[in-house]
Number of protein chains: 4
Amino acid sequence: MCRWAAYRGDPLYLEELVSSPAHSLIEQSHCATRAKTATNGDGFGIAWYGDRPEPGRYRDILPAWSDCNLKSLARQIRSPLFLAHVRAATGGGTRRDNCHPFVFENWSFQHNGQISNFDRLRRPMEAMLDDRLFHARSGTTDSELLFLLAMQFGMAVNPIAAMAEAIGFVEGLSLHLTGSVLVRFTSAFSDGRSLYAIRYATDRKAPTLYASPVGSGNCLVSEPLNDDVDAWREIPDGSAVMIDDTGVHVSPFQPEERAADEARTPAAISA
Amino acid sequence: MCRWAAYRGDPLYLEELVSSPAHSLIEQSHCATRAKTATNGDGFGIAWYGDRPEPGRYRDILPAWSDCNLKSLARQIRSPLFLAHVRAATGGGTRRDNCHPFVFENWSFQHNGQISNFDRLRRPMEAMLDDRLFHARSGTTDSELLFLLAMQFGMAVNPIAAMAEAIGFVEGLSLHLTGSVLVRFTSAFSDGRSLYAIRYATDRKAPTLYASPVGSGNCLVSEPLNDDVDAWREIPDGSAVMIDDTGVHVSPFQPEERAADEARTPAAISA
Amino acid sequence: MCRWAAYRGDPLYLEELVSSPAHSLIEQSHCATRAKTATNGDGFGIAWYGDRPEPGRYRDILPAWSDCNLKSLARQIRSPLFLAHVRAATGGGTRRDNCHPFVFENWSFQHNGQISNFDRLRRPMEAMLDDRLFHARSGTTDSELLFLLAMQFGMAVNPIAAMAEAIGFVEGLSLHLTGSVLVRFTSAFSDGRSLYAIRYATDRKAPTLYASPVGSGNCLVSEPLNDDVDAWREIPDGSAVMIDDTGVHVSPFQPEERAADEARTPAAISA
Amino acid sequence: MCRWAAYRGDPLYLEELVSSPAHSLIEQSHCATRAKTATNGDGFGIAWYGDRPEPGRYRDILPAWSDCNLKSLARQIRSPLFLAHVRAATGGGTRRDNCHPFVFENWSFQHNGQISNFDRLRRPMEAMLDDRLFHARSGTTDSELLFLLAMQFGMAVNPIAAMAEAIGFVEGLSLHLTGSVLVRFTSAFSDGRSLYAIRYATDRKAPTLYASPVGSGNCLVSEPLNDDVDAWREIPDGSAVMIDDTGVHVSPFQPEERAADEARTPAAISA
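Thresholds, definitions, all that
- Residues numbered from 1 in each chain as written.
- Chains lettered and ligands numbered in written order.
- Predicted model: local features only at pLDDT ≥ 70, side-chain atom pairs only at ≥ 80, totals over all residues.
- Heavy atoms only, no water.
- Helix = DSSP H or I, 4+ residues; strand = E, 2+ residues; numbered from the N terminus.
- Rg over C-alpha atoms; globule rule 2.2 N^0.38 Å.
- Buried < 20%, exposed > 50% of the residue type's maximum accessible area, 1.4 Å probe, protein only.
- Lys, Arg positive; Asp, Glu negative; His and termini not counted.
- Charge placed at Lys NZ, Arg CZ, Asp CG, Glu CD.
- Least-squares fit on C-alpha atoms with pLDDT ≥ 70 in both.
- Contact = heavy atoms within 4.5 Å.
- Buried area = accessible area lost by both parts, 1.4 Å probe.
- Salt bridge = Lys/Arg side-chain N within 4 Å of Asp/Glu carboxyl O.
- Polar contact = N/O pair within 3.5 Å; in protein donor to acceptor, adjacent residues only side chain to side chain.
- Pairing = 2+ DSSP bridges.
- Axes fitted to C-alpha atoms, helices over the stretch in contact; angles between N-to-C directions.
- Parallel < 35°, antiparallel > 145°, perpendicular 65-115°, else oblique.
- Left-handed = near helix turned anticlockwise from the far one by under 90°.
- Nonpolar A, V, L, I, M, F, W, Y, C, P; charged D, E, K, R; others polar.

## As for the overall build of chain A
Phase 1 of the analysis: Scanning chain A from N- to C-terminus turns up 9 helices and 13 strands.
Phase 2 of the analysis: Taking 271 residues into account, the globule formula puts the C-alpha radius of gyration at 18 Å, and chain A, at 18 Å, falls close to it.
Phase 3 of the analysis: With the C-alpha coordinates aligned to their principal axes, the bounding extent of chain A is approximately 55 × 35 × 35 Å.
Phase 4 of the analysis: Counting across all 271 residues of chain A, residues that qualify as buried make up 62%.
Phase 5 of the analysis: Positive and negative charge centroids in chain A, built from 26 and 33 side chains respectively, lie 4 Å apart.

Shown next as structure tokens:
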């Protein structure tokens, strides 16, 4: 179970989410309270938007709590839009290429969750990618592959719909190949302008997602960053979030049913 | 609070302590049960004796649970005498030079515990080392410095007495410079022939130490490696252990009082 | 251009090839003389056979010359059969999973060379692997993929023939997809019993390969380990080497022509 | 022999010195042309000033050419004043704490050169530091210690004079303890407002130092960043450089003679 935070608003030092709060991301990485696993010591990463279309990124495989570079960068870098992640590996070795956020062109993506039976689904998922996206894959995680699949399905045009199609496709694939389906998916992603998040799980047990104003902006987190319970609004399971200049917009989310529907037809099953 | 294990006997694969048992050292590093801190993710190390007088050593700063090299080495290397350690940093940054075991010539040393107010004691402790030992210091931990101080005080001739003198010296120094004393010290060390351990604390709250037969040999651990409570004999606070061909020998241990005593006399203060 | 060494014979400390000779592998990694690139600072690895069927392995991404663990392991570990490699990346990022030797079950493999246009060939090469070998792939190099392809083509039964088929397949694929072919391939591999090597290049410009007796055994290297020119026998381009208890056996090597032949037929080209 | 670059002027992306030029610092790290050693693969570091008094810093022990984080940071971070360094270790192990730039409060420092017989001088040099500076020392290099010594000698008040005193002190110490003296010292340092550099060697063989306008600002480098020979002005041996809003100021530099002079007098020896 990973932890993450994301922010959109007036430029904010990354440390305001990453290292300063009572339950900052670094603090959470060392001593988790609400989540299932005790330690997020399998690396970390930050992606932030500055003057260029594509984000900057820093990732490493040390535990976040012991990385001096991270502390210095988080204290120095100020950004109007950034993502930060600490990892507890569920699959994919501990190496930089498997650390979130993942970046493709101007897009960034981070994830807390899992795809059951991913080993069975990986090859056909990779086979869906065109060459450009296939060669962009450098790690072995389910998260990176889901992100690239959403890019393939039109993330640049309609990000929420592309994610819905990607998750629906994976659910359908899983039903075909393993006879069962379980995707848990609480993610944040951005094109450098808006900040998006999704909380969804096949079994309605999606990892938590909270929103809160921070300064003049808004942040989204997997776990509250302090004990001020009134400040944190839980985003319900089955939601998509979009944050832009007009505020925080929450709407219902469900996977694109097409793939799943087809999967349930006899023809598809016999295919 | 670190964790460690040590073995002496017929050659044993390191994995028998490091990765295979129910509460192997790697398992403990991820999810501690009896100890105070939840995670030992600040590096690890192994030192083993083979055909040469000096031990081989492998240390790294990744969490032990995610290091493929450690798993391969522990599965491949078989040794009649070895030490293994997972670290939860109490002081000294996360870097290889601060990972146990420490090695000097044919000696190896690993430690679980702490010296209170070490920042105040470090300079005069380092000043006690002759040039050869001073230049052997490559890290910044209290543990490495205690080890080198014991080398200075005659470890090669009488290891338990040298440790007693080193701890006594540090206690005296602390009383002098800070008006208070607290050393907690549960350690294992070896010259490649015998295996030694000490459990001691100024305040009688020393970290735990257990002994158990393993195969034809004996192991010493900071925490039992499995739930077979009858197999593990707790070594009482204030003990020194020596394991050689004739078995496991436990004797009372207390720091060499001279330094502390002198510290309390006006003569010593004026010296 | 990578460098490597391999040994088979009576147990030898790894340092006899890795760090002790005038032009030891570590020395070569820092300051190359005969090879084209000046520095092999993109990681290193060793694989050695001990008491188990599968080899031990240690790899890291630091330059070999600055890794204290490597020096200690090479000085401590003695083996009758081992491979050692220093890397200068031609493709595939600098990370442990891309460091040689690669290991699958009891097999180990290391390589100096390249496949031109590998980006175009990677997907169809990966598609040839059955699920078990596909999931064993953890890096992104052409070398690891060639090795797994040879495993797919029967390495366990006839290693030289499997390599010939793998290289022939890649050459055919390259002709199909890019209209040109260039494979340069100087490699060593072992099943834990015999030591094999191949020196081959499509354009007859294969990286060098030398053999020499060392102690009671034999070693194979990409570059001589000292200036004793009489001691090192150059293995000609287009050769396969097999070292077992009966000595060093060199035979002509060429890729399995079938794939390449098919590639040259009009039918294949129009396919 | 290390390589470095430093800049002061209107905000500039770090990549303009670090990765973009023909002979960028990263390029130099891989394939040196003018310098004595072929490879600077023992780590790297950047320190840059932003909105805070103290600089941000990123250091790592990988070769600069293979670090994706460095490339992303250098492309994203824009600063009016920064230092960048690639390391070829002459002493002090390969670890983050030994990578330049060194930072203390608002000061940053990087160095190319060496102190002969540093092992003999290290203890008395460290003994000169007050507790605050002593505890700030986390590595083992001569460079970091020279920097802290200059802080001790009044860097904050008069940086060039403090460096002159530090170098003079070390030269005197070396004469005392070893009977010979050799300091080579080409360094850059900053308080976040002005950029300073010194080129000096006891034997008049100081590592090179060049200055050049870059955009609206100025940069100082150990080696020119491109082949435009007219653009690069060599700073002569025995010079101090100060760059502020009024331009580049070069003045003669020699170590503070007092320490060295005293060292030659009987009184000083008996002191």
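Next comes the rest of the write-up.
## Considerations on the relation of the copies chain D and chain A
Phase 1 of the analysis: Of the two same-sequence chains, chain D is brought onto chain A (RMSD 0.0 Å, axial shift 0.0 Å) by a rotation of 180 degrees. The transformation just described matches what one would write down for a two-fold rotation axis. Using C-alpha coordinates, one finds that chain D approaches the rotation axis most closely at D:Ile77, a distance of 4.2 Å.
Phase 2 of the analysis: Most of the interface of chain D is mirrored in chain A, where 100% of its interface residues again form contacts.

## Considering the interface of chain D and chain B
Phase 1 of the analysis: Listed per partner, the contact involves 15 residues of chain D and 15 residues of chain B.
Phase 2 of the analysis: Of the roughly 1200 Å² buried between chain D and chain B on both sides combined, carbon and sulfur atoms contribute 41%.
Phase 3 of the analysis: Contact with chain B buries surface across chain D, with D:Arg95, D:Arg123 and D:Phe134 losing the most and accounting together for 48% of the total.
Phase 4 of the analysis: For the pair chain D and chain B, the number of links is 4 salt bridges.
Phase 5 of the analysis: Taking the shortest distance from any N to any O, the salt bridge between D:Arg95 and B:Asp97 comes out at 2.4 Å.

## Re the side chain of C:Arg199
All names here are of chain C.
Phase 1 of the analysis: Residue placement: Arg199 occurs in strand β8 (residues 195–201).
Phase 2 of the analysis: On the basis of relative accessible area, Arg199 is assigned to the buried category, the value being 7%.
Phase 3 of the analysis: Reaching out from Arg199, the side chain makes a polar contact with the backbone oxygen of Pro207 at a distance of 3.0 Å.
Phase 4 of the analysis: With residues near it in sequence (within four places) discarded, Arg199 still touches Phe185, Thr186, Ala206, Pro207, Thr208, Leu209, Glu234, Ile235, Pro236, Asp237, Gly238 and Ser239.

## Some words on the relation of the copies chain D and chain B
Two copies of the chain are present, and they differ by a rotation about an axis and a shift along that axis.
Phase 1 of the analysis: In screw terms, the move from chain D to chain B is a rotation of 180 degrees and a rise of 0.1 Å along the axis, fitting with an RMSD of 0.0 Å.
Phase 2 of the analysis: Here 100% of the interface residues in chain D have copies in chain B that are interface residues too; the copies meet face to matching face.

## Overview of the sheet that holds strand β13 (residues 247–252) of chain D
All names here are of chain D.
Phase 1 of the analysis: Pairing is antiparallel in the open sheet, where 6 strands are placed in the order β5-β6-β7-β8-β12-β13. Looking at strand neighbours, the two that pair on one side only are β5 (102–104) and β13, the edges of this open sheet. Looking at each pair of strands side by side, their axes are set apart by 15 degrees on average, direction ignored.
Phase 2 of the analysis: Relative to strand β7 (residues 183–190), strand β6 (residues 107–115) runs antiparallel, the two being bridged by 8 bridges. Considered in β7, the bridge of Ser108 is made with Ser190.

## Considering the pattern of salt bridges
Phase 1 of the analysis: Evaluated as defined, the whole model comprises 76 salt bridges over all chains.
Phase 2 of the analysis: A salt bridge links B:Arg123 to D:Asp131; its shortest N-O distance comes to 3.2 Å. Pair noted here: B:Arg123 is in helix α4 (residues 118–127) and D:Asp131 is in helix α5 (residues 131–136), and the two residues belong to different chains.
Phase 3 of the analysis: Beyond isolated ion pairs, a larger network of salt bridges with shared partners links A:Asp60, A:Asp67, A:Arg96, D:Asp60, D:Asp67 and D:Arg96.

## Points about the interface of chain D and chain A
Phase 1 of the analysis: Contacts between the two partners involve 24 residues from chain D, matched on the other side by 24 residues from chain A.
Phase 2 of the analysis: With both sides pooled, the region where chain D packs onto chain A buries about 2000 Å², and carbon together with sulfur makes up 33% of that total.
Phase 3 of the analysis: By the criterion of area lost to chain A, the three top residues of chain D are D:Arg52, D:Asn69 and D:Gln76, representing 33% of everything that side buries.
Phase 4 of the analysis: Linking chain D with chain A are 10 salt bridges, by the criterion used here.
Phase 5 of the analysis: As a salt-bridge pair, A:Arg75 and D:Glu54 come within 2.5 Å of each other at their nearest N and O atoms.
Phase 6 of the analysis: Where chain D touches chain A, the interface holds 16 residue pairs in polar contact (both at pLDDT 80 or more).

## Points about the sheet that holds strand β5 (residues 102–104) of chain C
Residues and elements named next belong to chain C.
Phase 1 of the analysis: Overall, antiparallel pairing links the 6 strands, which are arranged β5-β6-β7-β8-β12-β13 in an open sheet. Looking along the sheet, the strands with just one partner apiece sit at the ends: β5 and β13 (247–252). Pairwise comparison of adjacent strand axes, ignoring direction, gives a mean angle of 15 degrees for this sheet.
Phase 2 of the analysis: Strands β5, β6 (107–115) and β7 (183–190) of the sheet are contacted by helix α6 (residues 142–152), whose axis makes an angle of about 125 degrees with β6.
Phase 3 of the analysis: Docked against the sheet, helix α7 (residues 159–178) engages β6, β7, β8 and β12 (239–244), running at close to 155 degrees with respect to β7.

## Quick look at the pairing of strand β7 (residues 183–190) of chain B
Residue and element names in this part refer to chain B.
Phase 1 of the analysis: Most of β7 sits out of view: 8 of its 8 residues are buried.
Phase 2 of the analysis: Of the two faces of β7, the one lined by Val183, Phe185, Ser187 and Phe189 and the one lined by Arg184, Thr186, Ala188 and Ser190 are each fully buried.
Phase 3 of the analysis: Relative to strand β8 (residues 195–201), β7 runs antiparallel, the two sharing 7 bridges. In the sheet register, Arg184 faces β8, and the bridge partner there is Ala201.
Phase 4 of the analysis: What sits between the antiparallel neighbours β7 and β8 is a turn of 4 residues, in which Gly192 has the positive phi angle 95 degrees.

## So, helix α6 (residues 142–152) of chain A
Residues and elements named next belong to chain A.
Phase 1 of the analysis: For α6, the buried fraction is high: 10 of the 11 residues fall into the buried class.
Phase 2 of the analysis: Turning to α6, its buried residues are Asp142, Ser143, Glu144, Leu145, Leu146, Phe147, Leu148, Leu149, Ala150 and Met151.
Phase 3 of the analysis: Contacts made by the buried residues of α6 are with β5 (102–104), β6 (107–115), α4 (118–127), α5 (131–136), α7 (159–178) and β7 (183–190).
Phase 4 of the analysis: Directly beyond the C-terminal end of α6, a positive phi value near 100 degrees is found at Gly154.

## Quick notes on the environment of B:His30
All names here are of chain B.
Phase 1 of the analysis: If you trace the backbone, His30 turns up in helix α2 (residues 25–30).
Phase 2 of the analysis: When its relative accessible area of 29% is taken as the criterion, His30 is described as partly exposed.
Phase 3 of the analysis: C-alpha separation for the pair His30 and Ala64, spaced 34 residues apart in sequence, amounts to 8.2 Å.

## Details of the packing of α4(A) against α7(A)
Residues and elements named next belong to chain A.
Phase 1 of the analysis: Taken N-terminus to C-terminus, the directions of α4 and α7 make an angle of 125 degrees; their axes are 10 Å apart at the nearest point. In terms of axis orientation, α4 runs oblique to α7. As α4 runs across α7, the sense of the crossing is right-handed. Along its contact with α4, which presents Arg120, Leu121, Pro124 and Met125, the element α7 presents Val170, Leu173, Ser174, Leu177 and Thr178.
Phase 2 of the analysis: Taken together, the residues that form the contact of α4 with α7 break down as 6 nonpolar, 2 polar and 1 charged.

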